[in-house]
Amino acid sequence: MIEQQPHIFLIGMMGSGKSSVGRVLAKLLRYSFLDLDTEIERVSAKTVHQIFTEDGEPAFRDLESVTAMQLDLSKPQVIATGGGFPLKKENLQWMRRNGIVIWLQADSSTILERIVEEDRPLLPQPLRLEHIETLLNKRLPVYQQADISIDANDGDPRAIAMDIKEIIES
Ligand code: S3P
């Protein structure tokens, strides 16, 4: 039996480029691409924002885990996860069991530039650098457990996707 290629899980802060890099990477690898937030929205028929405001963060986190565990992993995929997904130990373990975990490492200033105009759950308005730094610092010990970390401060998704491809194929 031919062994299936490992799935690729992209982790990292909001604004680190998981979805845009993931889409390009999937094309380069000829895998399919899945964005976990989009899948959650499809399954729940609500936006992520709605889930946070109507049901609260714990409900979103449960839905996030359940949606992931129910994914059809029969074909190799690049999966962009939400920024908080790896914080649950079982989610990180699930990703490790099923593939390669890649952290798109972006600095707070890069993230601020990319999401400053967006109204994001967990981040106040007006958004300032220290808000992002506080969240990032809390999450660093988890993100650092990725198998591979990639500098994602350069905003060119194709260049980042090609870096990842080179590393996983070497
Ligand atoms: C979150 C990141 C978001 C989304 C939700 C919570 C987080 O996804 O899952 O708003 O906790 O960092 P992206 O990282 O894809 O923006």
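Structure: see above.
My aim in this report is to walk through the structure given alongside it, one point at a time. This is a predicted model, so every value here is computed, not measured.

Topic: the site of the ligand
Part 1: Around the ligand sit 14 residues in total, of which K18, D37, R61, R120 and R139 are the nearest.
Part 2: Between the ligand and the protein, one listed contact pairs an oxygen atom with a side-chain N or O atom of K18 at 2.4 Å.
Part 3: At a separation of 2.6 Å, an oxygen atom of the ligand approaches a polar side-chain atom of R120.
Part 4: A total of 390 Å² of accessible area belongs to the ligand in isolation, and the protein chains cover 93% of it.
Part 5: For the shell around the ligand, the elements supplying multiple residues, two or more each, are α3 (48-55) and α4 (57-69).

Examining the packing of aromatic side chains
Part 1: Scanning all chains against the criterion turns up four aromatic pairs.
Part 2: Look at F52 and F60: their rings are 4.7 Å apart centre to centre, the planes differ by 35 degrees, and that puts the pair in the tilted class. Side by side, F52 and F60 carry an identical accessibility label, which is buried.
Part 3: Put simply, the rings of F9, F85 and W94 touch in pairs and so form one group of aromatic residues.

Comments concerning helix α6 (residues 108-115)
Part 1: Of all the residues in α6, the buried ones are S108, T110, I111, L112 and I115.
Part 2: Contacts made by the buried residues of α6 are with α7 (129-143).

Some points on the sheet that holds strand β1 (residues 7-11)
Part 1: Read from one edge to the other, the open sheet built from five strands follows the order β2-β3-β1-β4-β5, with strand pairing classed as parallel. Pairing within the sheet leaves two strands with one partner each, and these edge strands are β2 (32-35) and β5 (148-151). Sheet twist, expressed as the average angle between the axes of neighbouring strands with direction ignored, equals 25 degrees.
Part 2: Of the pairings in the sheet, the one linking β2 to strand β3 (residues 77-80) comprises four bridges and is parallel in character. In the sheet register, D35 faces β3, and the bridge partner there is A80.

Basis of the calculations
- Residues numbered from 1 in each chain as written.
- Predicted model: local features only at pLDDT ≥ 70, side-chain atom pairs only at ≥ 80, totals over all residues.
- Heavy atoms only, no water.
- Near = heavy atom within 4 Å.
- Polar contact = N/O pair within 3.5 Å; in protein donor to acceptor, adjacent residues only side chain to side chain.
- Areas by Shrake-Rupley, 256 points an atom, 1.4 Å probe, with all protein chains shown as cover.
- Helix = DSSP H or I, 4+ residues; strand = E, 2+ residues; numbered from the N terminus.
- Phe/Tyr/Trp six-rings, centres within 6.5 Å; stacked < 30°, edge-to-face > 60°.
- Buried < 20%, exposed > 50% of the residue type's maximum accessible area, 1.4 Å probe, protein only.
- Contact = heavy atoms within 4.5 Å.
- Pairing = 2+ DSSP bridges.
- Axes fitted to C-alpha atoms, helices over the stretch in contact; angles between N-to-C directions.

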